[in-house]
Amino acid sequence: MRNFLAAAAAGATMIAAPLTASAQDFINVLTGGTSGVYYPLGVGLAKIYADNIPDIQTQVQSTKASVENLNLLQQGKGEIALALGDSVKLAAEGDAEAGFKAPLDKLRGIAAVYPNYIQIVASKESGIKTFADLKGKSLSVGAPKSGTELNARKIFAAAGMSYDDLSKTEYLPFGESVELIKNRQLDATLQSAGLGVASLKDLSSSMDVVIVSVPAEVVEKLGAPYIAATIPAGTYEGQTEDVSTVAVVNFLVTHSDVSDEIAYQMTKLLFENLPELEAAHKAATQIKLENALNGMPIPLHPGAEKYYKEMGM
């Protein structure tokens, strides 16, 4: 992991340096907060591309995740990004409430990757045991208009609740949310991420926590692209039982101005180097070629389409 993060740091320095490469010689990987899953996966991808595509420079950019990533792609300020499926769908539709002022018509699909699990974690001393217990408590719902925050709003609505039911709503990234809980300034955090996200591992190893279940009736009311999911026992320290929740699939997305050859290589190298990506974060173990086109809410990039046709898909 140190090697991956070192690679990211090296990439970050390139932001300030004059870029002499053309757009087609440069891949900027848009991720999320450094304590989430997008960032280490983005570092892994950047290393794979730098090592295997001749004359390519790569960079990893930490962002506010899904919504910001998709808007940056539309503006041509990145070549590939991770984003939640519901955010991608809303971006294509131009949902202003979700943070998209107009339909993002340049977005193109690379692959469905791994599911994000909605993980609601409360300090044990808060007394929160069920989703309904969040009423009157303080909760961080993710960075403003991030994919996580969009998930939170949808889930609260499906449960017949709103942020008004909380004593306080914080709009903070994963790491900052955890620090507030550890400092007894926040009761709980809702994080949409792969299993074993670093922020929640840190929290569960620092204090006694409760993993809060999302009721089955809420999952059913949400419908697609949300699916029922389980956080297995032992995912976090002190978690002795499976916890039912909801999940939504993440996608790798690019834009139409990226060349067919670069998009082809980005797709091909993703699936040919999964062990290296799994070393960046175990969420990558859930990336499967056979699932790559499942639920794709936007048109495929022609370069990605070429790869899938070669694979008989």
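Look up: the structure comes first, before these words.
Described below are features of the structure shown in this document. (Residues numbered from 1 in each chain as written. Predicted model: local features only at pLDDT ≥ 70, side-chain atom pairs only at ≥ 80, totals over all residues. Heavy atoms only, no water.)

Remarks on the overall build of the chain
The number of helices and strands found in the chain is 11 helices and 10 strands. Computed over C-alpha atoms, the radius of gyration of the chain comes to 19 Å, within 12% of the 20 Å expected from 2.2 N^0.38 for 313 residues, which places it in the range of a compact globule. The principal-axis extents of the C-alpha atoms in the chain amount to approximately 55 × 40 × 35 Å. Counting all 313 residues of the chain, 54% fall into the buried class. The contacts of the chain with a sequence gap of at least 6 include a subset with a gap of at least 24, amounting to 76%. When the accessible surface of the chain is split by element, carbon and sulfur atoms take 51% of a total near 13,000 Å². Of the charged side chains in the chain, 25 are positive and 35 negative, and the gap between their average positions amounts to 3 Å. (Helix = DSSP H or I, 4+ residues; strand = E, 2+ residues; numbered from the N terminus. Rg over C-alpha atoms; globule rule 2.2 N^0.38 Å. Buried < 20%, exposed > 50% of the residue type's maximum accessible area, 1.4 Å probe, protein only. Contact = heavy atoms within 4.5 Å. Areas by Shrake-Rupley, 256 points an atom, 1.4 Å probe, with all protein chains shown as cover. Lys, Arg positive; Asp, Glu negative; His and termini not counted. Charge placed at Lys NZ, Arg CZ, Asp CG, Glu CD.)

So, helix 2 (residues 38-52)
Residues separated by three or four positions in an α-helix point in the same direction, a consequence of the helix having 3.6 residues per turn. With 15 residues, helix 2 extends 21 Å between its outermost C-alpha atoms, agreeing within 8% with the 21 Å of an ideal straight helix rising 1.5 Å per residue. Burial within helix 2 is extensive, with 11 of its 15 residues counted as buried. Residues Y38, Y39, P40, L41, G42, V43, G44, L45, A46, I48 and Y49 constitute the buried set of helix 2. (Expected span 1.5 Å × (residues − 1).)

Brief notes about the packing of helix 3 (residues 66-74) against helix 4 (residues 85-93)
The interhelical angle for the contact between helix 3 and helix 4, taken along N-to-C directions, is 40°, at an axis separation of 9 Å. Overall, the two elements helix 3 and helix 4 adopt an arrangement that is oblique. Crossing of helix 3 over helix 4 shows right-handed handedness. Contacts from S66, V67 and L70 in helix 3 reach S87, V88 and A91 in helix 4. Residues belonging to the contact of helix 3 with helix 4 are distributed by class as follows: 4 nonpolar, 2 polar and no charged. (Axes fitted to C-alpha atoms, helices over the stretch in contact; angles between N-to-C directions. Parallel < 35°, antiparallel > 145°, perpendicular 65-115°, else oblique. Left-handed = near helix turned anticlockwise from the far one by under 90°. Nonpolar A, V, L, I, M, F, W, Y, C, P; charged D, E, K, R; others polar.)

Keep in mind these values describe shape, not function.
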